[in-house]
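Coordinate analysis (summary)
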2 protein chains.
Amino acid sequence: MNVNFINPVLGSILDVLSTMAHIEPEVGSPKRKGKHDVVHGKNITGVISMVGRRGNASIALTFSEAAILHIAKKMLPSEITTIDGIVIDLVGELANMVLGGAKRDLENRGYSFQLSLPTIIFGCDYLIAHKTNAPIIMLPFTMPEGEFVVEAGYEEVNEYVYSSSLPSNLAP
Amino acid sequence: MNVNFINPVLGSILDVLSTMAHIEPEVGSPKRKGKHDVVHGKNITGVISMVGRRGNASIALTFSEAAILHIAKKMLPSEITTIDGIVIDLVGELANMVLGGAKRDLENRGYSFQLSLPTIIFGCDYLIAHKTNAPIIMLPFTMPEGEFVVEAGYEEVNEYVYSSSLPSNLAP
């Protein structure tokens, strides 16, 4: 994993939660995600990818039900007690803001990217698929009210050599 | 792909839609899903898996927005014009009924399985991850109002040999 990407993602999630929700979560130890690592329990995930001529990236924000309801309570004016359409939109927006922050950081170093629209996954014990072949790093976060995990992968692509291992829709 | 599984899945989806929604979709040609095959456009997917001592299976029902709104209109009393919480529950329920039908068929032949809870995915241009290592077959369906695709994979597991290629949570 390229620390040039994981550090902007970490900075971005802390920045978004502090600014938008006045939340300062505790950051745990990162670990490499296994191919078949299942998200356990009832969760909601926002996945978003970005693609550019020199690389592609994907992040997923996975919140336990307790965690997202706490964040929703801090960010939204209305009382939220269950995962509904408003919470789903919020998860997509959080994923968008976090990857948007990391994108700005990479662009400042001369890269350029386009963001996809967020995909939302929710249920129990599911797998998250990322549209990148990069290794995925999992960063766990805890709040007294609940946990969430950020998954991030970033793959540099040689500008002049076509990589056949890339999904065709992600080819530069 | 085991036709002992794809045929019950096909029978089950036709049965569910005919009984519950009075819809008779046209069935297209099945094809093998590639590892990086992305669902294009705006869609909603219900994924559900089952696991038993002698095998495991996964199906995903992916509806275009137009297709699921048409099915919702035929199945539900209230007028539905957008993908909301009710439509999300409907997609989970349809996935549950379709895999439930295929499960009954396999159980009649002496297999036994437990169904997972459904996972819902929605967004644009996403990847669907299945909790099985089986090859996945895609069966396309068309209605005048929109398209949907059923993905199904079924893997027999030797009862007496532990397969290390299985995700640990799916091990028999």
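Residues numbered from 1 in each chain as written. Chains lettered and ligands numbered in written order. Predicted model: local features only at pLDDT ≥ 70, side-chain atom pairs only at ≥ 80, totals over all residues. Heavy atoms only, no water.

Topic: the overall build of chain A
Stated precisely, the cut-off is as follows: Helix and strand assignments come from DSSP, with helices taken as H or I runs of at least 4 residues and strands as E runs of at least 2, each series counted from the N terminus. Residue burial is assigned from relative accessible area. The probe radius is 1.4 Å, only protein chains are included, and a residue is buried under 20% of its type maximum, exposed over 50%, and partly exposed in between. Contacts are assigned to residue pairs that have any heavy atoms within 4.5 Å of one another. In these tables, accessible area is a Shrake-Rupley quantity obtained with a 1.4 Å probe, and a residue counts as shielded only by the protein chains included in the view.
Counting its regular elements, chain A contains three helices and eight strands. Put simply, chain A has 172 residues, and 51% of those count as buried. Long-range pairs, those at least 24 residues apart, make up 71% of the contacts in chain A with a sequence separation of at least 6. Surface exposure of chain A reaches about 7,900 Å², of which carbon and sulfur atoms provide 51%.

Description of the interface of chain A and chain B
Bring the parts together and some accessible area is lost; that lost area is often taken as the interface size. Put simply, the rule reads: Between Lys or Arg on one side and Asp or Glu on the other, a salt bridge is scored when a side-chain nitrogen of the former is within 4 Å of a carboxyl oxygen of the latter. Within 3.5 Å is the distance limit for a polar contact, defined as a pair of N or O atoms, with the added protein rule that one can donate a hydrogen and the other accept it, and that residues adjacent in sequence qualify only through two side-chain atoms. The pairing criterion for strands is at least two bridges between them, as found by DSSP.
Counting from both sides, the interface comprises 21 residues of chain A and, opposite them, 21 residues of chain B. The interface formed by chain A and chain B contains zero salt bridges. Summed over the shared surface of chain A and chain B, the number is six residue pairs in polar contact (both at pLDDT 80 or more). The biggest single contributor to the side of chain A that touches chain B is strand β6 (residues 119-126) of chain A, with eight residues. Relative to strand β6 (residues 119-126) of chain B, β6(A) is paired through three bridges, and the arrangement is antiparallel. Bridged to I120(A) within β6(B) is F122(B).

Focus on the relation of the copies chain A and chain B
So the rule is basically this: Least squares is the method used to superpose the copies, on C-alpha atoms of residues holding a pLDDT of at least 70 in both.
Relative to chain B, chain A is turned by 180° and slid 0.0 Å along the rotation axis, the superposed coordinates differing by an RMSD of 0.0 Å. Expressed as an axis order, the relation between the two copies is that of a two-fold axis. Within chain A, I121(A) has its C-alpha nearest the rotation axis, a separation of 2.2 Å. Same-surface contact between copies: 100% of interface residues of chain A are shared with the interface of chain B.

Structural notes on the packing of helix α2 (residues 65-75) of chain A against helix α3 (residues 85-107) of chain A
Residue and element names in this part refer to chain A. Quick reminder of the rule: To obtain an axis, a line is fitted to C-alpha atoms, over the contacting stretch when the element is a helix, and the angle between two such axes runs from 0 to 180 degrees between their N-to-C directions. An angle below 35 degrees is treated as roughly parallel, one above 145 as roughly antiparallel, one from 65 to 115 as roughly perpendicular, and anything else as oblique. Side-chain classes follow a simple rule in which Ala, Val, Leu, Ile, Met, Phe, Trp, Tyr, Cys and Pro form the nonpolar group, Asp, Glu, Lys and Arg form the charged group, and the remainder, Gly included, forms the polar group.
In the contact formed by α2 and α3, the axes pass within 11 Å of each other and the chain directions differ by 85°. Here α2 is positioned roughly perpendicular relative to α3, judged by the angle of their axes. Residues I68, L69, I71, A72 and M75 of α2 touch α3, and the partners they reach there are V87, L90, V91, L94 and M97. Class assignment for the residues of the contact of α2 with α3 results in 10 nonpolar, no polar and no charged.

With respect to the pairing of strand β4 (residues 55-64) of chain A
Residue and element names in this part refer to chain A. With 10 of 10 residues buried, β4 is to be regarded as a mostly interior element. Residues of β4 alternate between two faces, with G55, A57, I59, L61 and F63 on one and N56, S58, A60, T62 and S64 on the opposite face, all of them buried. Here strand β3 (residues 39-52) folds back onto β4 in antiparallel fashion, the turn holding two residues. Sheet analysis places β4 next to strand β8 (residues 146-156), joined by nine bridges and oriented antiparallel. Within the sheet, the bridge partner assigned to S58 lies in β8 and is G153.

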